[in-house]
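# Fold and contact review
Chain by chain, the residues:
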Amino acid sequence: MAVTEEKKPGKVVLRELQDKIAQDVFDAKARGEKIGWCASNFPQEICTAMDIKVAYPENMGAAVGAKGGGQRMCEEAEAMGYSIDLCSYARINLAFAKSGECPENSIPEPDFLLCCNNICGCMMKWYENIAVEKNIPLLMIDIPHLTEMTCDEDRIKYIRAQFDDCIAKLEEITGKKMDFNKLKEVMATSQRSSKAWIRALNCMGAEPSPFSGFDVFNTMAVATVGRGTPEAAAAFEYLADEYETAIKEGRSTFKGEEKYRILFEGIACWANLRTTYKTLQSRGINLTSTIYGPAFSFFYSNLDELMAAYSYVPNSYCFEKEVQLRCEDAIAKKVDGAVMHVNRSCKRWSGNTYELERQLRERVGIPTMTFDGDQSDPRVFSEAQYTTRVEALVEIMEANKQKKREAK
């Protein structure tokens, strides 16, 4: 397999694949094919099986933030009349949709939009605005918020009806037909990718972890944009094998001694990624637990289970399940504390932060800290606040370790 022969680090293989997938969308547009803009938790199996190319505005927003263009693009959107309180991904994309210009990252002009509301309510209004401004179709799949631990049959039927309707409309828009045998192949490949991605992430449970946890943020994009492709499955398997080998050989990409292990709650601060990472790394703190990365793995064995799987994502799950997932992962990954990102952009996610924090302290018995930030707008983040709170967290984690040493 090419990825094995090249002997490149797994994160490089995934980054190159991410770039290729992005270029494929531009190439399809140049050939005259209909291409779309797609929400990250929309059922990507549909487009993959139909060979329809789509770009992901959320991924673009993250890339623009990481490359330093977030504030400029957000300010452009605000000058157009959009509130500073809106999601920075939305502001970046709304500004780009108007001007068509963004030197840090760009995506082709869409012919249609694909949206789900299992992420947030803002996503719906954002895509509705784009649809009106560009006069293009918006295909929406409504996935109701779960109030129970599992998705019931009525919800599955409701989602499936919209799934089928979306396929019919995409066939009309693009001229491409769904091959349900191909869909089964894509579903099986998606399972390969998801299993390998989780296998890679579970390597964080080793002591020390074989990699810096912030690598999760730099390798997860393909789980969104290409999960159902054989290339993605092979790349994630390659990454998992690399990490498992590193554990056996006692190697890690984390620079320095891993003194403390933390759960990082929330979306990464793309615009401040270096600062958030370096502040932790310089104090021997490694990220070994996060729900954000695993959120882009979906497990199912048939179409009904696929419908349910898109209800089992952060912001759509019932709160009790959200707490359970974090507590179980924190224990499995042997964390000493938790860093909680109160994200101005993501109201739905951050609204639960303080109760999540309280329950982590009580159930797992770890100290926690919160900090104010944003996924792509750097104006919200305060380096002084973040550093001060990390230092306080270190003091508590060290005191707890000292107590354990004295108790032995």
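One structure accompanies this document, and this report is about it. Just so you know, the residues in each chain are numbered from 1, in the order the chain's sequence is written. Whole-chain, interface and lining totals are the exception, using all residues; otherwise, since this is a predicted model, local features are given only for residues with pLDDT of at least 70 and side-chain atom pairs are given and counted only at 80 or more. Water and hydrogen atoms play no part in the side-chain values, which are based on all heavy atoms of the structure.

The next subject is the overall build of the protein. Along the protein, the regular secondary structure elements total 18 helices and 8 strands. Relative to its length of 408 residues, the protein is compact, with a C-alpha radius of gyration of 21 Å against a globular reference of 22 Å. Taking the principal axes of its C-alpha atoms as reference, the protein extends roughly 70 × 50 × 45 Å. Three exposure classes are used, based on accessible area relative to the maximum for each residue type with a 1.4 Å probe and protein chains only: buried under 20%, partly exposed in between, and exposed over 50%. Residue burial in the protein is summarised as follows: out of 408 residues, 57% are buried. Pairs at least 24 residues apart make up 79% of the contacts formed inside the protein by residues separated by at least 6 positions. Put simply, DSSP H or I for four residues or longer makes a helix, DSSP E for two residues or longer makes a strand, and each gets a number counted from the N terminus. Throughout, the radius of gyration refers to the C-alpha atoms, and the reference size of a globule is 2.2 Å times the residue count to the power 0.38. Any pair of residues with heavy atoms lying within 4.5 Å of one another is described as a contacting pair.

Here the focus is the packing of helix α4 (residues 57–66) against helix α6 (residues 88–99). Angles shown run from 0 to 180 degrees and are taken between the N-to-C directions of axes, each axis being a line fitted to C-alpha atoms and, for helices, limited to the stretch in contact. Orientation of α4 relative to α6, taken along the N-to-C sense of each, is 100 degrees, at an axis distance of 9 Å. By the angle class used here, α4 and α6 are roughly perpendicular. Residue-level contacts link Pro-57, Glu-58, Met-60, Gly-61, Ala-62 and Val-64 of α4 to Tyr-89, Ile-92, Asn-93 and Phe-96 of α6. These descriptions rest on fixed angle ranges, namely under 35 degrees for roughly parallel, over 145 for roughly antiparallel, 65 to 115 for roughly perpendicular, and the rest for oblique.

So, on to the pairing of strand β7 (residues 337–343). Most of β7 sits inside the fold, with 7 of its 7 residues counted as buried. Neither face of β7 is left uncovered, since the one carrying Gly-337, Val-339, His-341 and Asn-343 and the one carrying Ala-338, Met-340 and Val-342 both have all their residues buried. Two strands qualify as a pair provided DSSP detects at least 2 bridges between them. Relative to β7, strand β5 (residues 260–265) runs parallel, the two being bridged by 4 bridges. Bridge pairing links Leu-263 to Ala-338 in β7. Pairing between β7 and strand β8 (residues 368–373): 6 bridges, direction parallel. Bridge assignment links Val-339 to a residue of β8, and that residue is Met-369.

Here we come to the side chain of Asn-315. As for its position among the elements, Asn-315 is in the loop between α14 (303–309) and α15 (319–332). Setting aside residues up to four positions removed in sequence, Asn-315 forms contacts with Asn-118, Ile-119, His-145, Glu-322, Cys-346, Arg-348 and Trp-349.

What follows concerns the pattern of salt bridges. By definition, a salt bridge exists where a carboxyl oxygen of Asp or Glu is found within 4 Å of a side-chain nitrogen of Lys or Arg. Under the definition given, this model contains 36 salt bridges. Linking Glu-244 and Arg-199 is a salt bridge whose minimum nitrogen-to-oxygen distance equals 2.8 Å. Taken together, the residues span a long stretch of sequence, with Glu-244 in helix α12 (residues 230–249) and Arg-199 in helix α9 (residues 180–202) at a distance of 45 residues. Looking at Glu-244, the relative accessible area reads 29%, which means it is partly exposed. In this structure Arg-199 comes out as partly exposed when scored by relative accessible area, which is 28%. Beyond isolated ion pairs, a larger network of salt bridges with shared partners links Arg-31, Glu-33, Asp-51, Lys-53 and Lys-176.

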